[in-house]
Each structure stands twice: as C-alpha cells, then as structure tokens.
Amino acid sequence: MKRCTAAVPRCATGLAHSGRRWTSHSRSSLTDEALLGKIEARLNDDKYGNKIKVDAKSKKIVTQNGELPMSPLFDPKWIKSKRRQTKARPGPPEGQFRLQLQKNPFAHALATPIRYCAVTKTQQPRYFLQRFDIVRHPETNDGWMVPSNDAYRHIQRRNEAHSREASAQANVSEAGSSGDLERTPRVTGYVTSQKSVLDAISGPKKRLRGALLAHRTGMALNPDAKSPVWRHDMSEVVLQTLRCEAVGELIQRAALAENKFVQPCLSWEDIKDVGGRGCVLWLPKATDASTARQHATFDVAGANYGGKLPVHDLNWLLGEEEVSRLRRESHVFRENELLVLKGWPTNSMVELHLLLWKLQGYLDAPSA
C-alpha cells in the first residue's frame, strides 16, 4: 500500500489565518464551496498529483489510500470566523431624515474622530481642534509648527483643481511636489481651536508649547523635531487663514447665477421662504457692538427641518479687511445686507458651513 505523502504547504494554513490582518474578503470568497475549493487546490499541489477531497460534513479527508481525519484548521466555518468580510457600500440615502442628516454640518462635526488636546487635557471630536504639523524649514532645517487644513481640505482640493484646469502645464511640477509633501508622514499635535488658547500657548509659559508633543515619544518623534519653533503670532496666522479661505469660497459661491448657493433676502421674514436653508449671513451696517451681536440664531416656526438657523455676523466674523474684499469682489454681498447660505449634501458646501462655524467658535471668548 502506497503511503500518503501529501504534505500540507505552509500557505495552506494561511487560508485560516491571514498574515495581513487588515485584509477584507468579499462575501463570495467566504462561502463553504469557495473555501473548500482553495483548500483542495493546495492539498493537491504535490508531486504525485493524487486527488484529495475534503468532506466538511464528515470531517474527513478522502484520498486514494483511505480516509484521514480533517484538521480543524480546514473547517470552513472556522476559517470564515477568522476572516473579515468586506462591508457593502452604503446605498444612497433614503427618507427625508437621512437626506437632511447627510447635509447637516453639525452631524459631520460630531462624527469626526476623537483627538486629545494636551493643553486643555480634553478629548474632543477633531473638528473642534486645530491640528499642527511639524515641517522642516527649507533654509535652516529647523522644525516649525504649521497649522493644517483639516476643516476645509475639500474646499482647497476643489480650488486647486480649478486652478490646474486654468493653467495645466504651468502647475505640473507644483502638483507633483505638493503631492509628495502631502503623502509624507508628519508629527502632529492637536489644540483646542480657540484664539484664547493659542494666545496662551504663545505667552511666556513654555510648558504649554512643550505639552503639544508631550505624548509623542520614541520613534514617533524625530530628534530634530523635539523643540519646534512656535510663532508668537500663531493665533493671528490661524485666524487670517480661516478668514481668507471662507471669503474666497463665499465669493465663488455667490458668483453662480440663480442664487444657487447664496440667496439674498430683503427682511428677516423672507428667510422663512428660502428653500434649503443652511445659515444666515448678516452684514449689519450699524457699528454698535450691542446691536451687532444681538442675533445668534434665527427660529423658523413650523419647520420640520432647519427650524433653528445660526446667524453669522460677517463684520465680526471676517474682520474689516476681508469684509471689504468680500464686498469689492462680489456684488451680491455688496448690494445686500441679509443673505442665506443654502445647505447642499456636497463635501465642499458642508465644509463651508463648518468653516464659518469654526470661525465662530474660534473667536468666541471663553465664559467666565
């Protein structure tokens, strides 16, 4: 009687326990027939070419020389329990609630991953924090803390795409270099996105600046980046960047015809008649501080969705310089005092609403 010399290759055990634990498998590849087919294909890969069958029901391996007990590693149920199945892609939102939730900026803000602020020692959704990356200065090779653009990355990508279409050949080299920088892993730190917090970090207490990277140790922190340079006007740099991005996007949205994204209103009562309300943009002519901040939200009676709208005082939110640019480059904002920014289920429009709300929280003074 010929002895069975079928050797189980090492890769056969990999059927049950994949080395790449992050790999997901399709539903069709995890059926009993598919898994048994892969096992038998490996078992039959011997020099004799003997036909070997695996019977999962009787727990036996059938060969030409007889039956052998089946190893538990070949059980399709056990293999399936150790493999992660690929999740099906979500379908289009159905129902009014899901449609409204998809374009709700506050839901998107709360759904961001939790990050830790080492200065305030709090854990918050990433939207409420300002991210800083350590980059190397091109001349001195020193590490510098640079604010990142988590809140409006889709807006910047869309603007870059438009600029590349306008001058494609001139931006080929720039696009390649910026892509390399974006893929380069960097050491990051998170701080509560509030101007008063950044002013405190820029103050005389060095321990606050050191707390930014206190939890970054070992191989996660380059020796050259242990003491990065922090600009003392960092709060103003972040504020100006947020304002510039918000004004540029508002100008582009208001330039579209038929009031697709920005709807002017003659009075506060007209806001109730605007479809797809997102937030109210207010350019008060009065310079009195008591009247400039009297509106925080606007209530729409009887509305199932969008019954409470945030009101953004653009004079306070954007500053005198950016408001002048907004009125100079957009006739919609130059000729109207009250406007409604509509809500759309696109990434760039959701991020525009988030950017305005981020500015609101950035400038708000902490309550005593």
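Placed above this text is the structure.
Residues take numbers from 1 onward in each chain, read along the sequence in its written order. This being a predicted model, a pLDDT of at least 70 is required before a residue's local features are given, and a value of 80 or more before pairs of side-chain atoms are given or counted; all residues contribute to the totals for chains, interfaces and linings. Where side-chain values are given, they derive from all heavy atoms of the structure, hydrogens and water being excluded.

1. Some points on helix α14 (residues 347-363)
Right, so step 1: For α14, which comprises 17 residues, the first-to-last C-alpha distance of 24 Å matches the rise-based estimate of 24 Å (1.5 Å per residue) to within 8%.
Right, so step 2: In terms of burial, α14 is a largely internal element, 14 of the 17 residues being buried. Only runs of H or I of at least four residues qualify as helices and only runs of E of at least two qualify as strands under DSSP, and these elements are numbered from the N terminus. One less than the residue count of a helix, multiplied by 1.5 Å, gives the span that helix is expected to have. The buried label applies to any residue whose accessible area, calculated with a 1.4 Å probe on protein chains only, is under 20% of its type's maximum; exposed applies above 50%, and partly exposed to all values in between.

2. Focus on the environment of Leu 213
Right, so step 1: Mapped onto the elements of the fold, Leu 213 is located in the loop between α9 (206-211) and α10 (234-254).
Right, so step 2: Sequence spacing of Leu 213 and Thr 188 is 25 residues, and the spatial spacing of their C-alpha atoms is 7.9 Å.

3. Observations regarding the environment of Gln 100
Right, so step 1: Residue placement: Gln 100 occurs in helix α4 (residues 96-102).
Right, so step 2: Classification of Gln 100 by relative accessible area gives partly exposed; the value is 21%.
Right, so step 3: Between the C-alpha atom of Gln 100 and that of Tyr 305, which follows or precedes it by 205 residues, the distance is 7.5 Å.

4. Let's talk about empty space enclosed by the protein
Right, so step 1: Both site types are read off a 1 Å grid over the protein atoms alone. A 1.4 Å probe that fits but cannot get out defines a cavity, while an open set with protein on both sides within 12 Å along at least five of seven lines defines a pocket; lining residues have an atom within 4 Å of a point. Grid points are joined across faces, edges and corners, and a volume is the space filled by probe spheres set on the points. With the rule as written, the count across this model stands at one cavity of 30 Å³ or more.
Right, so step 2: Lining the largest cavity, in full, are Pro 105, Phe 106, Gly 278, Cys 279, Pro 310, His 312, His 353 and Trp 357.
Right, so step 3: Secondary-structure elements contributing two or more residues to the lining of the largest cavity are α5 (105-110), β12 (277-282), β14 (308-313) and α14.
Right, so step 4: Classification convention: Asp, Glu, Lys, Arg as charged; Ala, Val, Leu, Ile, Met, Phe, Trp, Tyr, Cys, Pro as nonpolar; all other residues, Gly among them, as polar. Counted by class, the lining of the largest cavity contains five nonpolar, three polar and no charged residues.

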